[in-house]
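Here are the chains, one letter per residue:
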Amino acid sequence: MNKQTFFYRDTWVDVDLGHIAENVSLIKQQLPEEVAIIAVVKANAYGHGDLQVAQTALAAGASYLAVAFLDEAIALREQGIHAPILVLGATRARDAHVAAAYRVTLTVYQTDWIEEAKYVLEDQEQLAVHLKLDTGMGRIGIRNSEELQQIEHSLKGVGRFNLEGVFTHFSTADGPDEAYFQDQYKKFQELLAVMEHLPPLVHCSNSAAALRYPAVHCNAVRIGIAMYGLAPSPTMKQQMSVSLKEAFSLHSKLVHVKKVAKGEKIGYGATYETQKDEWIGTLPIGYADGWIRKLQGQEVLVKGQRVPIVGRICMDQCMIRLPFEVEVGTPVTLIGCNGGQRISIDEIAGSLDTINYEVPCLIGSRVPRVYTY
Ligand SMILES: *Cc1c(COP(=O)(O)O)cnc(C)c1O
């Protein structure tokens, strides 16, 4: 995924792995010793780079990895990651033998799935599985005790499955609806009580729940967003006692700078008109990189000053209004620190009317990731 180590382009993402390591250690310190950290590295580690984040998180105290799809788990195995990996999403039953061959743990929640998967597993093959319970998210999972007993029975009847874990996922752990969170936790406990044997790993908390409800850790937590230094929600940002460090920053360099006379137009549609003689700079980043057109007007940092993007954002380039003449090659920060000023991921999420999770995921694979420690 991040095989490219050299690039010719003046736009890149800096990923501070030192910050990710610090965040993991800090979260680990907050948890009781017996609680394992499952580092969530799905979606190319939320756009940060799956291999590098996985290695960093494991070295900093995580003992398990989680991804969304089997393909992501295989990609990590192919890059030399030996730690256990849980696929959180659905996997086709007919691909169970692929997961077993790569020693990847699958999420299971349907008896039919077990019945189909057992025929594709080889005689001596063992597949590790976690049962997913749907306690109120309404996404995937076992929803009642009858289904749970049936699937537990079905798993036991077939020697090829190693029931290693059971988990659920909260839908409001980061928000104001505490009652709904408590309902889900209660339902989880009720369902666990129905099981004949509790598997070794019981987990329910994402970052928000792990940081906010220390009493419900079970014996593992699934940490995504907090590892990347971001608060799970604006509400939590104000309440959090731990100070996490953002790892992701986005940079470019001016590739063209010119003085434009008053009354001239900039960009597609000629939507921007200079108000006076202005210095206009061009950046080699555009909507095909995930720096989408909605960010027209968003500020960027040049020599520690905030300056606006003017005119429409093109596919591969955009223009900014400079306060004075600046040399071609001057670094420009779109996310992160520059000359004592800072543009946070949360600020960009605000400009896009979305959540911080979406921002680093949005910055495409065409933008190289550069790793610092
Ligand atoms: C993505 C995901 C997580 C991680 O959530 P964060 O809010 O990023 O900590 C945990 N569990 C499941 C099931 C997920 O899909």
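All of the points below concern the structure found in this document.

Scoring rules and cut-offs
Residues numbered from 1 in each chain as written. Predicted model: local features only at pLDDT ≥ 70, side-chain atom pairs only at ≥ 80, totals over all residues. Heavy atoms only, no water. Helix = DSSP H or I, 4+ residues; strand = E, 2+ residues; numbered from the N terminus. Buried < 20%, exposed > 50% of the residue type's maximum accessible area, 1.4 Å probe, protein only. Contact = heavy atoms within 4.5 Å. Areas by Shrake-Rupley, 256 points an atom, 1.4 Å probe, with all protein chains shown as cover. Lys, Arg positive; Asp, Glu negative; His and termini not counted. Charge placed at Lys NZ, Arg CZ, Asp CG, Glu CD. Axes fitted to C-alpha atoms, helices over the stretch in contact; angles between N-to-C directions. Parallel < 35°, antiparallel > 145°, perpendicular 65-115°, else oblique. Left-handed = near helix turned anticlockwise from the far one by under 90°. Nonpolar A, V, L, I, M, F, W, Y, C, P; charged D, E, K, R; others polar. Pairing = 2+ DSSP bridges. Arc of directions from axis to C-beta. Polar contact = N/O pair within 3.5 Å; in protein donor to acceptor, adjacent residues only side chain to side chain. Phe/Tyr/Trp six-rings, centres within 6.5 Å; stacked < 30°, edge-to-face > 60°. Near = heavy atom within 4 Å.

## Details of the overall build of the protein
When you go through the protein residue by residue, the secondary structure sums to 12 helices and 20 strands. In terms of its C-alpha atoms, the protein occupies a principal-axis envelope of roughly 80 × 45 × 35 Å. Counting all 373 residues of the protein, 55% fall into the buried class. Contacts in the protein between residues at least 24 apart in sequence constitute 67% of all its contacts with a sequence separation of at least 6. A total of about 16700 Å² of accessible surface is found on the protein, and carbon and sulfur atoms cover 50% of it. Across the protein, the centroid of the 35 positively charged side chains sits 6 Å from that of the 42 negatively charged ones.

## Some points on the packing of helix α6 (residues 111-120) against helix α7 (residues 145-157)
Helix packing for two helices is described by the angle between their axes and how far apart those axes are. Contact geometry of α6 with α7 gives a least axis separation of 9 Å together with a crossing angle of 15 degrees. On the basis of the axis angle, α6 is roughly parallel to α7. Here α6 and α7 pass one another in a crossing that is left-handed. In this structure, α6 contributes Thr111, Ile114 and Glu115 to the contact, and α7 contributes Gln150, Ile151, Ser154 and Leu155. Across the contact of α6 with α7, the residue classes break down as three nonpolar, three polar and one charged.

## A look at the sheet that holds strand β7 (residues 161-168)
Spatially, eight strands are ordered β2-β3-β4-β5-β6-β7-β8-β9 in a closed barrel, and the strand pairing comes out parallel. In this sheet, adjacent strand axes meet at a mean angle of 30 degrees when their direction is disregarded. Where strand β2 (residues 36-40) meets strand β9 (residues 220-223), four bridges bridge the pair, whose relative direction is parallel. Note that in β9 the partner of Ala39 across the bridge is Ile223. Across the sheet, helix α8 (residues 178-194) lies against β6 (127-133), β7 and β8 (201-205), angled at about 165 degrees from β8, the strand it touches most.

## Quick look at α6
The set of residues buried in α6 consists of Thr111, Trp113, Ile114, Ala117 and Lys118. Angular distribution of buried residues about the axis of α6 spans 145 degrees; they occupy a single face of the element. Along α6, the residues that are exposed and aim more than 90 degrees away from the buried face are Asp112 and Tyr119. In this structure, the buried side of α6 is in contact with α5 (96-101), β5 (105-108), β6, α7 and β7.

## Some words on the environment of Thr56
Within the secondary structure, Thr56 sits in helix α3 (residues 50-59). For the pair Thr56 and Met315, spaced 259 residues apart in sequence, the C-alpha to C-alpha distance is 33 Å. Apart from residues lying up to four places away in sequence, Thr56 is in contact with Leu17, Ile20 and Ala21. Here Gln52 takes part through its backbone oxygen, which lies 2.7 Å from a polar atom of the side chain of Thr56.

## A look at the packing of aromatic side chains
Counted according to the given criterion, the structure contains five aromatic pairs. Ring pairs connect the aromatic residues Tyr46, Tyr228 and Tyr357, which therefore count as one cluster.

## So, the site of the ligand
Around the ligand lies a shell formed by Val40, Lys42, Tyr46, Leu88, Arg139, His169, Asn206, Ser207, Arg222, Gly224, Ile225 and Tyr357. Residue Lys42 places a side-chain N or O atom 2.7 Å away from an oxygen atom belonging to the ligand. Contacts to the ligand include Arg222, whose side-chain N or O atom sits 2.7 Å from a nitrogen atom. Here the ligand loses 92% of its free accessible area of 390 Å² to cover by the protein chains. Its residues placed into classes, the shell around the ligand shows five nonpolar, four polar and three charged.

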